[in-house]
Amino acid sequence: MSFVCAAAAASVRISLRCLGTKACPPGQIEQLPMAQLKEIGKNKMFGGFNRRFQHPSSSCGCDMNFSVYFPPAADHGKVPVLYWLSGLTCTDENFIQKSGAQRVAAAEGVAIVCPDTSPRGLGVEGESDSWDFGVGAGFYLNATQEKWKKWRMYDYCTKELPELLRSSFDQLDTKNASIFGHSMGGHGALTIFLKNPDKYKSVSAFAPIANPVNCPWGQKAFSGYLGDDKSLWEEYDASLLSRKYKGHPTKILIDQGDDDKFYKEKQLLPQNIVESELLRVELHLRSGYDHSYFFIASFVEDHIKMHARALKS
Amino acid sequence: MAQLKEIGKNKMFGGFNRRFQHPSSSCGCDMNFSVYFPPAADHGKVPVLYWLSGLTCTDENFIQKSGAQRVAAAEGVAIVCPDTSPRGLGVEGESDSWDFGAGFYLNATQEKWKKWRMYDYCTKELPELLRSSFDQLDTKNASIFGHSMGGHGALTIFLKNPDKYKSVSAFAPIANPVNCPWGQKAFSGYLGDDKSLWEEYDASLLSRKYKGHPTKILIDQGDDDKFYKEKQLLPQNIVESELLRVELHLRSGYDHSYFFIASFVEDHIKMHARALKS
């Protein structure tokens, strides 16, 4: 493998172990990511590292942040990648700060990648008017409406970010990936998986918006981002996509709290996903749990272990 | 109690994070506190582990970021998190500094800050409120731990009241405030110039005269912690004796954050659970 010495010019690749500078102590191999990837945070946790990055995104036309938990195993080999997609109002940081996932990710030797939930700072008129549309509410789709044309979180999550990870971090085995998420991010994980089963080994979700065309959240988002073309709406609806799933045999693990306000308001509808020979749903209705990160933290271990089994098989 | 108001409730690991608000006599204002009730609290009394947070924190940070509830649920221990100072009193300058206005778990003597009585709040008022409000909390069976300023709080409160707590531990505590900028700023503001009073709130000085039950203080400290490197913390200044041992773990590469706390909190809770069940 060749590495770029952090102290060397950004575009120069050398294949020797760095002899050491102040920025890069002797013997410490530090691959320099692509010139425009900036590290904006780093904290040790459970023997590995939470690292936060910023880069100019071509999909979204603005700077985007994302966070990665590198488990200890990443220090001496390639690790599989588990993408986490967050829900409405979240950033790339919520899961890193509140889920407790790193303890399990460290034990299982899996990296966790958390993109943000929308472009930020573009100043589109009305982008912050609602907590469930616009900023913090990208719905993991490629908008077709002119006003929201920078809202291309689908491309960002399925193409741009994986490629950026692949070219920046030798220790991430991006070809060996799974995906999960919460709420709007559960919708994102399910739809992305169902449309790209070749790219992900497994999928799971917490309280996903499983049938957006049939709930207020989805109808608001889709009419705003996608306009009136209902055939396009279907391309981003997990329940509708499940009917035509033709990928590898998969069991979707879903945890759903029964005291979840949005579940009770019929915004989520996990029961509408259609099972088939190729697609099973293991839906756990959890008594007394709500929509919060306390709920996610309570069950995240099961999900990560399931993904780790799939990623290592 | 009639004046205890529940302002939040979320199920977690089979138990409940619950948040409360009440008018405090110690602080002369409404105070919030959070409690994690483990599943075992549904069918019996559980011991209480107090967590004291650091500068800029509220009663919520530990509940949201530590991951402690997983272990507390397994061990059958309740976790109680008070806030870090009175709020909303509108004392001039109370929000000027991120490191002052913070309560430091003492009873201020200076007139301007006379409502800053976190020592009484944590050692008297809150335990009594818990005792009279929650049958499922065995408040006589308690331990205490904390982070940074809260580590200072846990250590000093324990050293002065060993009869009230079975065990004590800390993450990156301010262990010798009279000898660091943070402590000197807080103590001169809250306690004035009486240095003998300062000593009453300094864990390293208190450790020299400890006469309570034989105790081992567990401390985790990151060696990449900015404040440790700036000599604000000084855990090595705690004085050991026959009655008081210190188990100090210097953790390579860890900083002052909740990511550090989360990484080692399991060890602490298990240690406290052993002490509380013995």
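Residues numbered from 1 in each chain as written. Chains lettered and ligands numbered in written order. Predicted model: local features only at pLDDT ≥ 70, side-chain atom pairs only at ≥ 80, totals over all residues. Heavy atoms only, no water.

**Q** Give a detailed account of the sheet that holds strand 9 (residues 279-286) of chain A, specifying residues and quantitative values.
**A** Pairing is mixed in the open sheet, where nine strands are placed in the order 1-2-3-5-4-6-7-8-9 (chain A). Looking at the sheet topology across the chains shown, the edges are occupied by strand 1 (38-45) and strand 9 of chain A. Pairwise comparison of adjacent strand axes, ignoring direction, gives a mean angle of 20 degrees for this sheet. By the bridge criterion, seven bridges tie strand 4 (residues 79-85) of chain A to strand 6 (residues 172-182) of chain A in an arrangement that is parallel. Counterpart to Pro-80 of chain A in the pairing with strand 6 of chain A is Asp-173 of chain A. Of the strands in this sheet, strand 4, strand 6, strand 7 (203-206), strand 8 (250-257) and strand 9 of chain A touch helix 4 (residues 184-195) of chain A, which is tilted by about 135 degrees from strand 6 of chain A. Here helix 9 (residues 258-277) of chain B sits on the sheet and contacts strand 1 and strand 2 (48-57) of chain A; the angle it forms with strand 1 of chain A, its principal contact strand, is near 25 degrees. (Pairing = 2+ DSSP bridges. Helix = DSSP H or I, 4+ residues; strand = E, 2+ residues; numbered from the N terminus. Axes fitted to C-alpha atoms, helices over the stretch in contact; angles between N-to-C directions. Contact = heavy atoms within 4.5 Å.)

**Q** Tell me what's going on with the UniProt feature "active site" (unreviewed entry) in chain B, and back it up with residues and numbers.
**A** Residues and elements named next belong to chain B. In this numbering, the UniProt entry assigns the feature "active site" (unreviewed entry) to Ser-148, Asp-225 and His-256. Taking the farthest pair of C-alpha atoms as the criterion, the annotated set spanning 109 residues converges on one region, since that pair is 11.0 Å apart. Here Phe-227 takes part through its backbone nitrogen, which lies 2.8 Å from a polar atom of the side chain of Asp-225. Inspection of the secondary structure assignment puts His-256 in the loop between strand 9 (244-251) and helix 9. Taking the relative accessible area as the measure of exposure, His-256 reaches 13% and is therefore buried. Apart from residues lying up to four places away in sequence, His-256 is in contact with His-147, Ser-148, Ala-172, Asp-225, Phe-227 and Leu-233. In this structure the side chain of His-256 is engaged in a polar contact, spanning 2.8 Å, whose partner is the side chain of Ser-148. (UniProt positions renumbered as here; feature names shortened; annotations may be inferred. Polar contact = N/O pair within 3.5 Å; in protein donor to acceptor, adjacent residues only side chain to side chain. Buried < 20%, exposed > 50% of the residue type's maximum accessible area, 1.4 Å probe, protein only.)

**Q** Could you give an account of the pattern of salt bridges, naming the residues involved and the relevant values?
**A** This model, assessed by the stated rule, comprises 36 salt bridges over all chains. One salt bridge connects Glu-266 of chain B with Arg-70 of chain B, and the closest N-O pair in it is separated by 2.9 Å. With Glu-266 of chain B in helix 9 and Arg-70 of chain B in helix 2 (residues 68-75), this pair connects stretches of sequence that are 196 residues apart. With a relative accessible area of 21%, Arg-70 of chain B lands in the partly exposed category. Across the pair Lys-229 of chain B and Asp-224 of chain B runs a salt bridge, and its minimum N-O distance is 2.8 Å. Connected through shared salt-bridge partners, Arg-52, Asp-92 and Glu-93 of chain A make up one network. (Salt bridge = Lys/Arg side-chain N within 4 Å of Asp/Glu carboxyl O.)

**Q** For the side chain of Thr-139 of chain B, give the residues involved together with the corresponding values.
**A** All names here are of chain B. Secondary-structure assignment places Thr-139 in strand 6 (residues 137-147). Residue classification places Thr-139 among the buried positions, given a relative accessible area of 16%. For Thr-139, the contacting residues outside a window of four places in its chain are Val-48, Pro-127, Leu-130 and Arg-131.

**Q** Account for the pairing of strand 6 of chain B, with residues named and values stated.
**A** Residue and element names in this part refer to chain B. The element strand 6 is largely enclosed, with a buried count of nine among its 11 residues. Relative to strand 6, strand 4 (residues 46-52) runs parallel, the two sharing seven bridges. Within the sheet, the bridge partner assigned to Tyr-50 lies in strand 6 and is Ile-144. Note: strand 6 against strand 7 (residues 168-171), four bridges, orientation parallel. Considered in strand 7, the bridge of Phe-145 is made with Ser-169.

**Q** Explain the packing of helix 2 (residues 101-108) of chain A against helix 9 (residues 293-312) of chain A to me, and be specific about the residues and the numbers.
**A** Two quantities define a packed helix pair, namely the angle between the axes and the distance from one axis to the other. All names here are of chain A. Orientation of helix 2 relative to helix 9, taken along the N-to-C sense of each, is 25 degrees, at an axis distance of 9 Å. In terms of their interaxial angle, helix 2 and helix 9 are classed as roughly parallel. Seen along the crossing, helix 2 lies across helix 9 with a hand that is right-handed. Contacts between helix 2 and helix 9 involve Ala-101, Arg-103, Val-104, Ala-105 and Glu-108 on the former and, on the latter, Val-300, Glu-301, Ile-304, Lys-305, Ala-308 and Lys-312. (Parallel < 35°, antiparallel > 145°, perpendicular 65-115°, else oblique. Left-handed = near helix turned anticlockwise from the far one by under 90°.)

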